[in-house]
Amino acid sequence: MTALATHRPLVLAAVMAANFMIAIEATIVSTAMPQIVAQLGGLQLYSWVFAAFLLTQTATTVVFGKLSDLRGRKIVMLSGIAIFLAGSILCGFAWSMPSLIVFRLVQGVGAGAVQPVAMTIVGDLYSVHERGKIQGWLASVWALSAVIGPLVGALIIQRWSWAWIFWMNLPIGLLASSGFWAYLHEKKSEARGQIDHLSAGVFTIAIAAIMADLTAFSTSSRTETSIITLIAVVAVALFIVQERRSPEPMISLKLWGRRPIAAVNASSLFAGMVMIGLTTFLPVFVQGVMGRSPLIAGFSLSGMVLGWPIGATLSARLWARFGVRAILRVGGALVPLGALVFVFLRPETSPVAAGLGSALVGFGMGLSSSASIVLIQEIVDWSERGSVTASYMFARSLGSTFGATVFGAVLNFGLIHSGVGAVTSGDLRKLLEGGVVASNEALHAALNQSLHMTFVALFLTALLVAATAAMVPRVVFAARRAMAE
């Protein structure tokens, strides 16, 4: 199939609406979770509301990317939006925390279809030179959602029921669906592959088990962790066996093994680790060590949110002069340069320094991510573009999961060996609230030391972002005309 569009701007508007629906959901849910827990109970399941969404989103990203190559972008996108809206409706009617987690799993499946296919549609409709500016616009959608999400969430909680943080997706999703239905057209080709349902099922189980295993290391008993690990190992082994014998593999090992794609995906994985580490632990440092307010902590992190779309937009203007690979490498090099700032943060350091560091990291990621997507999309045929785009986003999501586990383990190691004894979540909560800094200097120092170790680990990971980006070989793009307006 080949994507055709008589009104590309309207299709792009639908893409941006679909992305906005996914992006704003994360920030709104974070804002509303205290009220949700207060009504539904189940505080011990708090983190699973977020983990469930990420789990199914990551597990299904590659599956839907492959489906879009075999069945077309339009049908997969519309199906993904429908699944996401169904999950949103059910989340609003959740009567307990377990039911909310189940419905968040459904939402994650929909998000696993919408995000990679949206990026693939952009790759189909716009030339390499046009796409840089488009990538900047798409990045601005995520920046906007990060800024207005908490505000909208707070407004909904104050004036209406928390259920509306999920139900507000309905008009956005229906509007996006209407745009795709009316203006995205595909010319069907005669050659159509077959879907390997067994590969898709085993792959989903394998990724879900791996992510659950990573979560279990910090939340479950040794027996439960061992059982989940065994399931993950068996599922991965079965998937590899099935992929080798399948005529239409869900993951083409030959495709993923190509040096440009492998290097870009590796850089994406490490970038995902850096991103989750920064968003998780920088606010803790600003509040708990610097003694600043949550608002200041939010501003220090917003530098990354603002730097990303700026980098993505500027990269398009630099491609023609310096080349996509050069911009990708420069962006990758800026990530550890920004991460180095956090290694030198001290309690007396101004939060402005933290904001500048996060802005530099975001700017570098904006440069490299925009260039990465264009590079991998341009070196494959239409029939592989969905799969290769999904592989990039899959690597980023998996990196976020790895990062949360690895950096969390580093922080816990630092606290355990700080000499202050067992540190409870209540102790940390009181410290973040500013109530025990003077009375418990040892705890304050332990948090400072532990977060310093975490930032060192984050910097080392950022070096891997630059190293893998530098491994991307020189690529010559085939000439491809832009689609007609």
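Conventions used here
Residues numbered from 1 in each chain as written. Predicted model: local features only at pLDDT ≥ 70, side-chain atom pairs only at ≥ 80, totals over all residues. Heavy atoms only, no water. Helix = DSSP H or I, 4+ residues; strand = E, 2+ residues; numbered from the N terminus. Buried < 20%, exposed > 50% of the residue type's maximum accessible area, 1.4 Å probe, protein only. Contact = heavy atoms within 4.5 Å. Axes fitted to C-alpha atoms, helices over the stretch in contact; angles between N-to-C directions. Parallel < 35°, antiparallel > 145°, perpendicular 65-115°, else oblique. Left-handed = near helix turned anticlockwise from the far one by under 90°. Nonpolar A, V, L, I, M, F, W, Y, C, P; charged D, E, K, R; others polar. pLDDT = per-residue confidence, 0-100. Core = buried A, V, L, I, M, F, W, Y, C linked by side-chain atoms within 4.5 Å. Polar contact = N/O pair within 3.5 Å; in protein donor to acceptor, adjacent residues only side chain to side chain. Phe/Tyr/Trp six-rings, centres within 6.5 Å; stacked < 30°, edge-to-face > 60°. Lys NZ or Arg CZ within 6 Å of the ring centre and 35° of its normal. Expected span 1.5 Å × (residues − 1). Arc of directions from axis to C-beta.

All right, on to the overall build of the protein chain then. Along the protein chain, the regular secondary structure elements total 17 helices and two strands. A total of 485 residues make up the protein chain; the buried ones form 54% of that total. Put simply, of all contacts in the protein chain between residues at least 6 apart along the chain, 85% involve residues at least 24 apart.

Between helix H13 (residues 324-343) and helix H14 (residues 351-378), whose axes approach to 7 Å, the crossing angle comes to 155 degrees. Judged by the inter-axis angle, H13 sits roughly antiparallel to H14. Here H13 and H14 pass one another in a crossing that is left-handed. Residues of the contact of H13 with H14, tallied by class, amount to 19 nonpolar, eight polar and no charged.

Another aspect to go through is the environment of alanine 469. One can find alanine 469 in helix H17 (residues 441-470). For the pair alanine 469 and serine 267, spaced 202 residues apart in sequence, the C-alpha separation works out to 5.7 Å. Setting aside chain neighbours within four positions, we find alanine 469 in contact with Ser267, Leu328, Arg329 and Gly332.

What follows is about the confidence of the model for the protein chain. Put simply, the protein chain has an average pLDDT of 77, and 78% of its residues get 70 or more. Below pLDDT 50 for its whole length, residues 435-439 participates in five contacts with residues either more than four positions away or in separate chains. Low pLDDT (under 50) marks residues 479-485, which in the prediction has 21 contacts with non-local residues, meaning those over four places away or in another chain.

What follows concerns the environment of threonine 58. Examined against the element boundaries, threonine 58 turns out to sit in helix H2 (residues 48-71). Threonine 58 gets classed as buried once you look at its relative accessible area, which sits at 0%. Taking the C-alpha atoms as reference points, threonine 58 and isoleucine 207, 149 residues apart in sequence, are found 7.5 Å from one another.

With 88 residues, the main nonpolar core has Ile81, Leu100, Ile121, Phe166 and Phe180 as its most contacted residues. Tallying contributions element by element places helix H1 (residues 8-40) first for this core, with 16 residues. Excluding its chain neighbours within four sequence positions, the residues that come into contact with isoleucine 121 are Val11, Val15, Arg73, Met77, Phe180 and Leu184. Counting 39 residues, the second-largest nonpolar core is a separate cluster that includes Ala139, Met290, Met304 and Ala354.

A few words now on the side chain of threonine 120. Counting through the fold element by element, threonine 120 comes out in helix H4 (residues 97-125). Within the local environment of threonine 120, its side chain forms a polar contact with the backbone oxygen of proline 116, the two atoms lying 2.7 Å apart. Not counting residues up to four positions away in its chain, the partners in contact with threonine 120 are Arg73, Gln377, Arg385, Gly386 and Thr389.

When you line up the elements, serine 177 lands in helix H7 (residues 169-183). Among the residues examined, serine 177 registers a relative accessible area of 16% and is labelled buried.

Scanning all chains against the criterion turns up five aromatic pairs. Linked through ring pairs, Phe93, Trp164 and Trp167 together constitute an aromatic cluster. Across the ring face of tryptophan 181, the terminal group of lysine 74 is positioned such that the distance to the ring centre comes to 5.2 Å.

In this section: the packing of helix H11 (residues 259-289) against H14. In contact at an axis separation of 11 Å, H11 and H14 are set at 155 degrees when each is read in the N-to-C sense. When the interaxial angle is binned, H11 and H14 end up roughly antiparallel. Of the two elements, H11 crosses H14, and the hand of that crossing is left-handed. Contacts from Pro260, Ile261, Val264, Ala271, Val274, Met275, Leu278 and Leu282 of H11 reach H14 at Ala354, Ser358, Val361, Met365, Ser372, Leu375 and Ile376.

This part takes up H7. Look at H7: 21 Å from first C-alpha to last across 15 residues, which is about the 21 Å you get at 1.5 Å a residue. Looking at H7, one finds that the buried residues are Asn169, Ile172, Gly173, Ala176, Ser177, Gly179 and Phe180. Each buried residue of H7 sits inside an arc of 155 degrees when the element is viewed along its axis, so together they form one side. More than 90 degrees from the buried face of H7, the exposed residues found are Pro171, Leu174, Leu175 and Trp181.

Let's shift gears to the environment of glycine 357. Mapping glycine 357 onto the fold places it in helix H14. Assessed through its relative accessible area of 1%, glycine 357 is described here as buried. When the C-alpha atoms of glycine 357 and phenylalanine 342 are compared, they prove to be 6.9 Å apart, with 15 residues separating the residues in sequence.

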